[in-house]
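# Tertiary structure, described
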Amino acid sequence: MSRPLVAVTATTEIIRDLLRARLNAAYIGALEGAGLIPLASPPLADPAAAHALLERVDGLVLTGGEDVDPRHYGAAAHSATGNPHSARDTWELALIEAARDRRLPVLAICRGMQLLNVALGGTLIQDIPAQRPSDIEHADSAARRRRVHPILCEPGTRLEAALGAASLSVNSSHHQAIDRMAPALRVSARAPDGIVEGVETRDQDWWVVGAQWHPEELVATPEPWDRALFSAFTAEVRRHAAAPDQPAVTVPAATR
C-alpha cells in the first residue's frame, strides 16, 4: 500500500546567520513511523497557495512553536506573550481555512491546537501562570520526553477512541492554552486544573483532533497512547486518500 503524503507546518528562523526553514525531527519520525510521508510546509508569501498545496496532500499537521499573535483573536498582548511570527500565523490560518473547505484530516499539536481554535473563532489564555495559576507546571520544556501530568478524556470523543484510553499522562511544554472555545470545536480532554488538553471538531464529516501536549516526543515510550494517536490520524488520511474526489465546501465566514 502506498504511503499518503501529509503537509506538516514548519517555522523559519535565523540559524548560523541565515534565515532557514525548521521543523523538529520528532514530527518526521512519528509520522513516518505511522506510515505517512511528511512534507514540510514553511510559510509562503502568498496565502492563496494554501489551497494549491492541500490539493496535493491527504492530511495536515499543525505543529508547535511560537505564540499566536493576540491580534488574531482581538486581544492586546500580555507582557508574557512571546514575539509572534506574523508570516507563519498568516500562512497557517490560510491552511486551516483550506483544510476546512476540503474536509482534510488535521492533527493539531500544541501551538497548532491553539491556532486552530483562534482560526475558528476562539481565544487564548496568553500566560497560564499569570492568568490561570495552577499547581501543574505546564511549561516544563526540559521534560519533553517524560510524562509529567495526567489528562482525562471526555467519554465518546474521537480523542479517547484514537488514544485507546480515557486517562493518560503526557508531557507539557506550553505557557498558553485555549480560553474561549471556538463554536466549531468541543473539548475532548482536560488536565486536572481544567486547562484544555484536547479538542476536536463537532462536524462529523471533518476529522480534526488537537493535542496540547507533544505526542511526537512520546512515540518511543512503552505506553501505546501516542503511537495510537498517530495511527488514528493515518487511518483517516488513508480514508481521505481513498475517497472519490469531492468539490471543496466553502464555509460562510460567519461560521468559521
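In short, a report on the structure. All figures in this text were calculated on a predicted structure; none of them were measured in a lab.

Our next topic: helix α7 (residues 225-242). With 18 residues, α7 extends 26 Å from end C-alpha to end C-alpha; this agrees with the ideal 26 Å at 1.5 Å per step. Restricting attention to buried positions, one finds in α7 the residues W225, D226, L229, F230, F233, T234, E236 and V237.

By the bridge criterion, five bridges tie strand β2 (residues 11-15) to strand β3 (residues 18-22) in an arrangement that is antiparallel. Across the sheet, the residue bridging to I15 is L18, located in β3. Remark: two residues form the turn of the hairpin made by β2 and β3, two consecutive strands paired antiparallel; R16 in that turn has positive phi of roughly 50°.

What follows covers the nonpolar core. One finds L54, L60 and L116 to be the most contacted residues of the largest nonpolar core, which totals 34 residues. Mapped onto this core, the elements with two or more residues apiece are α2 (49-54), β5 (60-62), α3 (86-102), β6 (106-109), α4 (111-119), β11 (185-190) and β12 (196-201). Here the element with the most residues in this core is α3; it accounts for seven residues. Beyond its immediate chain neighbours, meaning those up to four positions away, L60 contacts A7, T9, L95, A99, L104, P105, V106, L107 and F233. Core analysis: the second largest hydrophobic core is formed by 32 residues, L31, L36, A165 and L168 among them.

Calculation criteria
- Residues numbered from 1 in each chain as written.
- Predicted model: local features only at pLDDT ≥ 70, side-chain atom pairs only at ≥ 80, totals over all residues.
- Heavy atoms only, no water.
- Helix = DSSP H or I, 4+ residues; strand = E, 2+ residues; numbered from the N terminus.
- Expected span 1.5 Å × (residues − 1).
- Buried < 20%, exposed > 50% of the residue type's maximum accessible area, 1.4 Å probe, protein only.
- Pairing = 2+ DSSP bridges.
- Core = buried A, V, L, I, M, F, W, Y, C linked by side-chain atoms within 4.5 Å.
- Contact = heavy atoms within 4.5 Å.

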